[in-house]
Amino acid sequence: MIKLETIISLAKRRGFVFQSSEIYGGLNGCWDYGPLGVELLNNLKSQWWKEMTFRDNIEGIDASILMHPRTWDASGHTKQFSDPMIDNKTSKSRHRADNLIEEHIDKLSKKNKKEEAELIAQKLENVQTNEDYYNIIMEHEIKDPISGTMDWTEVRNFNLMFKTFVGPLEDANSVVYLRPESAQGIFVNFKNVMETARLKPPFGIAQIGKAFRNEINTKNFLFRTREFEQMEMQFFIKPGSEKDWFEYWKEQRWNFWKNLGMKESKMKWKIHDKLAHYANYAVDIEFEFPFGFGEIEGIHSRTDFDLKAHQEFSGKKMEYVDTVNGDRYIPYVIETSGGVSRGVMAFLCNAYEEEEIKGDDGKSEVRSVMRFHSKLAPVTVAVFPLVNKDGMPEKAHQIYKDLQKNYKVQYDTSGAIGRRYRRQDEIGTPYCITVDGQSLEDNTVTIRERDSMNQDRINADNIQNYLREKIS
Ligand code: ATP
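Residues numbered from 1 in each chain as written. Predicted model: local features only at pLDDT ≥ 70, side-chain atom pairs only at ≥ 80, totals over all residues. Heavy atoms only, no water.

Draft legend 1. Seen up close, the overall build of the chain. In terms of regular secondary structure, the chain is built from 16 helices and 23 strands. Viewed in the frame of its principal axes, the chain has a C-alpha envelope of about 75 × 65 × 50 Å. Here the chain holds 472 residues, and 49% of them are scored as buried. Counting only contacts in the chain whose residues sit at least 6 apart along the sequence, the fraction spanning at least 24 positions is 64%. Put simply, the chain shows about 23,200 Å² of open surface, and 47% of that area lies on carbon and sulfur atoms. (Helix = DSSP H or I, 4+ residues; strand = E, 2+ residues; numbered from the N terminus. Buried < 20%, exposed > 50% of the residue type's maximum accessible area, 1.4 Å probe, protein only. Contact = heavy atoms within 4.5 Å. Areas by Shrake-Rupley, 256 points an atom, 1.4 Å probe, with all protein chains shown as cover.)

Encoded structure:
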């Protein structure tokens, strides 16, 4: 299993991800995408966007981050979007009570204390109140990982929404929230989209956008951050058809990640036994990160909970009326809710491999390679002149400029050719083209494939066709 530190260090060294405002010591739970990271991020978003909206019955929107505060009363976020928080008085550290207990269960399992681990897991499953969390922590003597003490406060609710103010007055009437999920932007626009795009159920609305949660503990790199991006789709259906559509979307979403190269051996389903009050089916797709399995996307059957609540709070009808047969109903919703940032992190971990190969000098060396799917790879192709003379740079540069019309391309002239391959392997570039002496005589180039390291010699005029075929 690769270490998280390996991924974080490569991400920084090669310009995938930097700490936010690093020169000031960083800001917890916030990260910046660098030149390669933003390409990977955009490629993932663009694959999702195509997957969702290049269909007959799904349209996209882009809603604003700030929304009318009543939205969050209707959705239940103002009252219920909180995590159980506990403080240690000695170390002054703050924890999510459920995570603290989960980590303790993990520790016990690793120490082969299976019985106690199962007992606590059972209790955690049945927690109803904050006092229940507190009792588990005290009864099972769960200590603060920092101070090693049990000097705990009681467990309190901590609302995860970031609050701010609109306009010049900072009073209760001007409070707004940074949206904690993008989904509500879709629900409040349900009628607008249905009517303007002339849709009728079953149909979907898709959106990619930022969401903000004041997470109690941010850790594990991009996995749990305070600012992140979601890709969500709400699929509006006739009540009663939710089981079939739920199964349909489960399969669709699993295949999306799989078809972009995610190893199925690192994916699993998590079935929710304890459902949110509004849901009648819910599963997560989990990926095995270096720290263990974690959710990358949830698929939820949310009934008519959200539309009904918005109808009640806004006083506006949220129904679909079938003009042919007079049918009238508030649609049920199947939601697919994925994390872009978590997806990027999953693909970074999924792609990274180290393998032993023979170097230019015949000695064995370790090659770090990012095996990104070619549709996700930040750079699709790199072009090198074998040596910096005899007309090779001119020809290579021309090829580079031509390819740039369609692809993200790098041009590299420095160092031995083996080193240049290694640099591209490490950032996951699927193809490298080299212009050599023969290229000048017969207009051929070598094209090397990242994973097999095989080289084909092809006519330079065929490069675009070659790549198009390989990438599709
Ligand atoms: P968790 O239980 O891990 O906090 P959640 O169940 O609250 O996640 P959802 O509300 O279902 O998550 O959000 C949908 C998706 O948004 C998640 O699958 C995840 O990919 C992403 N996501 C949620 N919270 C965060 C976060 N703090 N940082 C990064 N991505 C997140």
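We are not done yet, so read on.
Draft legend 2. Quick peek at the sheet that holds strand 4 (residues 82-87). Strand order in the open sheet made by the three strands is 5-4-6, with antiparallel pairing throughout. Each of the sheet's edge strands pairs with one partner strand only, and the pair in question is strand 5 (94-96) and strand 6 (156-159). Going across the sheet, the axis of each strand differs from the next one's by a mean of 45 degrees, ignoring polarity. Bridge analysis of strand 4 against strand 5 gives three bridges, and the strand direction is antiparallel. (Pairing = 2+ DSSP bridges. Axes fitted to C-alpha atoms, helices over the stretch in contact; angles between N-to-C directions.)

Draft legend 3. Geometry of the pattern of salt bridges. If you walk through the whole model with that rule in mind, you get 38 salt bridges. Arg156 is the salt-bridge partner of Asp87, the closest N and O atoms lying 2.8 Å from each other. Taken together, the residues Asp87 in strand 4 and Arg156 in strand 6 connect sequence positions 69 residues apart. Here the salt bridges share partners, and the residues they tie into one network are Lys263, Glu353, Glu355, Glu365, Arg367, Arg371, Arg422, Asp425, Arg448, Arg450 and Asp451. (Salt bridge = Lys/Arg side-chain N within 4 Å of Asp/Glu carboxyl O.)

Draft legend 4. Representation of the pairing of strand 13 (residues 292-301) in the model. Counting buried positions along strand 13 yields seven of ten residues, so the element is predominantly enclosed. With nine bridges connecting them, strand 12 (residues 281-289) and strand 13 associate as antiparallel partners. The residue of strand 13 that forms the bridge with Glu286 is Glu295. Summarising the sheet, strand 13 and strand 16 (residues 332-339) pair through five bridges and their orientation is antiparallel. Across the sheet, the residue bridging to Ile299 is Thr336, located in strand 16.

Draft legend 5. Focus on the packing of aromatic side chains. One pass over the full model with this rule turns up 23 aromatic pairs. Here Tyr248 and Trp249 contribute two aromatic rings whose centre-to-centre distance is 5.1 Å and whose plane-to-plane angle is 85 degrees, an arrangement assigned as edge-to-face. An aromatic cluster of three or more residues is present, and its members are Phe187, Phe190, Phe203 and Phe236. Over the ring of Tyr281 we find Lys243; its NZ or CZ atom is 4.8 Å from the centre of that ring. A cation over an aromatic ring shows up here: Arg448 above the ring of Tyr421, its NZ or CZ 4.2 Å from the ring centre. (Phe/Tyr/Trp six-rings, centres within 6.5 Å; stacked < 30°, edge-to-face > 60°. Lys NZ or Arg CZ within 6 Å of the ring centre and 35° of its normal.)

Draft legend 6. Quick peek at the domain arrangement of the chain. Looking at the assigned domains, one finds that the chain contains domain 1 (4-68 + 161-348), domain 2 (82-158) and domain 3 (379-471). Computed over C-alpha atoms, the centres of domain 2 and domain 3 are 55 Å apart. (Domains from an automatic or database assignment.)

Draft legend 7. Looking closely at the site of the ligand. Taken together, 16 residues form the shell around the ligand, and within it Arg213, Glu215, Arg224, Thr225 and Glu295 come nearest. Gln230 has a polar side-chain atom sitting 3.2 Å from an oxygen atom of the ligand. Take Arg342: an N or O atom from its side chain is 3.0 Å from an oxygen atom of the ligand. Out of a free accessible area of 600 Å², the ligand has 83% covered by protein chains. Elements supplying a minimum of two residues to the shell around the ligand: strand 10 (227-237), strand 13 and strand 16. By residue number, the principal contributor to the shell around the ligand is strand 13, which donates four residues. (Near = heavy atom within 4 Å. Polar contact = N/O pair within 3.5 Å; in protein donor to acceptor, adjacent residues only side chain to side chain.)

Draft legend 8. Spatial organisation of the environment of Lys266. By the element assignment, Lys266 lies in the loop between helix 10 (242-259) and strand 11 (267-271). Between the C-alpha atoms of Lys266 and Ser21, which are 245 residues apart in sequence, the distance is 33 Å. Those residues in contact with Lys266 that sit more than four places away from it in its chain are Met1, Glu286, Phe287, Glu288, Phe293 and Asn350.

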